[in-house]
Structures are given as structure tokens and as C-alpha cells.
Amino acid sequence: METVHAWDHAGLALAHAARTPALDSLFAAVTWFGSLAVLLPLALLVWWRWRGERSATFVALALIGASALGHLLKLIAARPRPDLFPPLIAMPEDWSFPSAHAVQVTAFALAWLLRPRTAPGRIEIAVLFATVAAVVSSRLYLQVHFPSDVIAGVMLAALWVVLLRRLPTWQENKP
């Protein structure tokens, strides 16, 4: 069995201590906003709606690439899911590290904010930040990820999206 670091244990204990029936229902619903079942159709809808625009392609590629990287890293790390407290949803069958939900929601949100030829407003930034925070928190609250899984997922997605955005294809002087 894997050794659980003190701060990973503390994070899950804190989430477990916060349990209420209302939060159980809320986080079971919120967690879906990080799922490919929600984000991939949304990214494809954006791509289809604004087909031909680089910004739409950027969002779709950012999500798909980040998700692929996250799932590849899961296979390499092969970290088991937490079992410190009972999970509140069916335990996913794949590995724990990194959190794919954290990777995917972060990649989508950040790609949306960094897409070419756009200038997001404060409300847009706040809504996307709150969505990422809610999904990441849900994975801990539901006891299906360690804190280090979700932090790594957010960092992986941010790195991927920023590097993707820096490619010459996405620079402003391109049509």
C-alpha cells in the first residue's frame, strides 16, 4: 500500500469532516463539470459553432491534448485511489494521479480565457475560476482523489495550455 503524505491525509480528513447531505448532493452534481462527458461535447459545440476560427480550434485542442496527457500520466504513475474515508460516489476505475477532472476543467477554462483574439471580462474570469475551484474541491469532498492529485492536474493543464498558446499557430499575426 502506498504511503499517504500527511497533507494529503489532512486534506481528505478536512473534506470528510465537512460532510452534510446538502454538500453531498451539490458536489456529486458539480463534479460532472470536469468530466469529458460534459466538456468534450461543449468543446466540440464551440468548435462547430465557430468553425474556421482559430480560437474555437484552440479550445478543443487544449482540452483534448490535456486530457490525453493526464490519462497517459495516470498510466505511468499508477497511483491507487484514496481509501482513507468512504467515497460518496462510485469509485472511478482508473488510477488517481493526476485528477483527470482537474486537468480537463482547468484546460477548458484556461483555454477559453487565453483563446486567440479575445479579451475575457472579469465576470467571465470569475465564473471560470469558481467552476475550476468547485470541480477540484468536489474531487476531494467525494473522496476520489488526494489533494496532490488535483493540484498536479491543475498544474499539468495550465502548463499544457500555456505551452500550446505560445506556439506560432496561435499568435495574433496569423489569420
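Read on for a plain summary of the structure. All of these numbers come straight from a predicted model, not from anything done at the bench.

## A few points about the overall build of the protein
Scanning the protein from terminus to terminus reveals seven helices and zero strands. Element order for the protein, N to C, with α for helix and β for strand: α-α-α-α-α-α-α. Against the globule reference of 16 Å for 175 residues, the protein gives a C-alpha radius of gyration of 17 Å, in line with a compact fold. Principal axes of the C-alpha set define a box for the protein whose edges measure 50 × 35 × 25 Å. With 175 residues in all, the protein has 41% of them scored as buried. Sequence-distant contacts, at least 24 apart, represent 80% of the contacts inside the protein between residues at least 6 apart. Accessible surface, the protein as shown: approximately 9400 Å² in total, 72% of it carbon and sulfur. In the protein, 14 side chains carry a positive charge and 10 a negative one; their mean positions are 13 Å apart.

## What to know about the packing of helix H4 (residues 54-77) against helix H7 (residues 147-166)
Close contact between H4 and H7 brings their axes to 9 Å; oriented N to C, the two are set at 135°. Overall, the two elements H4 and H7 adopt an arrangement that is oblique. Note on packing geometry: the crossing formed by H4 with H7 is right-handed. Where H4 approaches H7, its residues Phe58, Leu61, Ala62, Gly65, Ala66, Leu69, Gly70 and Leu73 are matched on the opposing element by Leu156, Trp160, Val161, Leu164 and Arg165. Looking at the contact of H4 with H7 residue by residue, the classes come out as ten nonpolar, two polar and one charged.

## A look at the packing of aromatic side chains
Tallying each qualifying case throughout the model produces three aromatic pairs. Taking the ring centre of Trp112 as reference, the NZ or CZ of Arg115 above it sits at 3.7 Å.

## Here's the deal with the side chain of Ser148
Tracing the chain through its elements places Ser148 in helix H7. Look at Ser148 and you get buried, because its relative accessible area is 15%. Engagement of the side chain of Ser148 in a polar contact is seen with the side chain of Asp8, the distance being 2.8 Å. When neighbours within four sequence positions are excluded, Ser148 is seen to be in contact with Trp7, Asp8, Arg79 and Phe97.

## Remarks on helix H2 (residues 21-30)
Three or more residues of H2 are buried, namely Asp24, Phe27 and Val30. Buried residues of H2 fall within an arc of 140° about the axis and therefore sit on the same side. In H2, those exposed residues whose orientation departs by more than 90 degrees from the buried face are Pro21, Ala22 and Ser25. Here the buried face of H2 lies against helix H6 (122-141).

## Considerations on the environment of Leu44
If you trace the backbone, Leu44 turns up in helix H3 (residues 36-49). For Leu44, a relative accessible area of 40% gives the class partly exposed. As for Leu44 and Val59, which are separated by 15 residues in sequence, their C-alpha atoms are 8.9 Å apart.

## Details of helix H1 (residues 6-17)
With twelve residues, H1 should reach 16 Å at 1.5 Å per residue; the first-to-last C-alpha distance of 16 Å fits that figure. For H1, the complete set of buried residues consists of Asp8, Leu12 and Ala15. Across the axial projection of H1, the buried residues extend over an arc of 60°, all falling on one side. Seen from the buried face of H1, the exposed residues on the opposite side, beyond 90 degrees, are Ala6, Leu14 and Ala17.

## Looking at the environment of Ala22
Structurally, the position occupied by Ala22 is in helix H2. According to the relative accessible area criterion, Ala22 is exposed, its value standing at 59%.

Rules used in this analysis
Residues numbered from 1 in each chain as written. Predicted model: local features only at pLDDT ≥ 70, side-chain atom pairs only at ≥ 80, totals over all residues. Heavy atoms only, no water. Helix = DSSP H or I, 4+ residues; strand = E, 2+ residues; numbered from the N terminus. Rg over C-alpha atoms; globule rule 2.2 N^0.38 Å. Buried < 20%, exposed > 50% of the residue type's maximum accessible area, 1.4 Å probe, protein only. Contact = heavy atoms within 4.5 Å. Areas by Shrake-Rupley, 256 points an atom, 1.4 Å probe, with all protein chains shown as cover. Lys, Arg positive; Asp, Glu negative; His and termini not counted. Charge placed at Lys NZ, Arg CZ, Asp CG, Glu CD. Axes fitted to C-alpha atoms, helices over the stretch in contact; angles between N-to-C directions. Parallel < 35°, antiparallel > 145°, perpendicular 65-115°, else oblique. Left-handed = near helix turned anticlockwise from the far one by under 90°. Nonpolar A, V, L, I, M, F, W, Y, C, P; charged D, E, K, R; others polar. Phe/Tyr/Trp six-rings, centres within 6.5 Å; stacked < 30°, edge-to-face > 60°. Lys NZ or Arg CZ within 6 Å of the ring centre and 35° of its normal. Polar contact = N/O pair within 3.5 Å; in protein donor to acceptor, adjacent residues only side chain to side chain. Arc of directions from axis to C-beta. Expected span 1.5 Å × (residues − 1).

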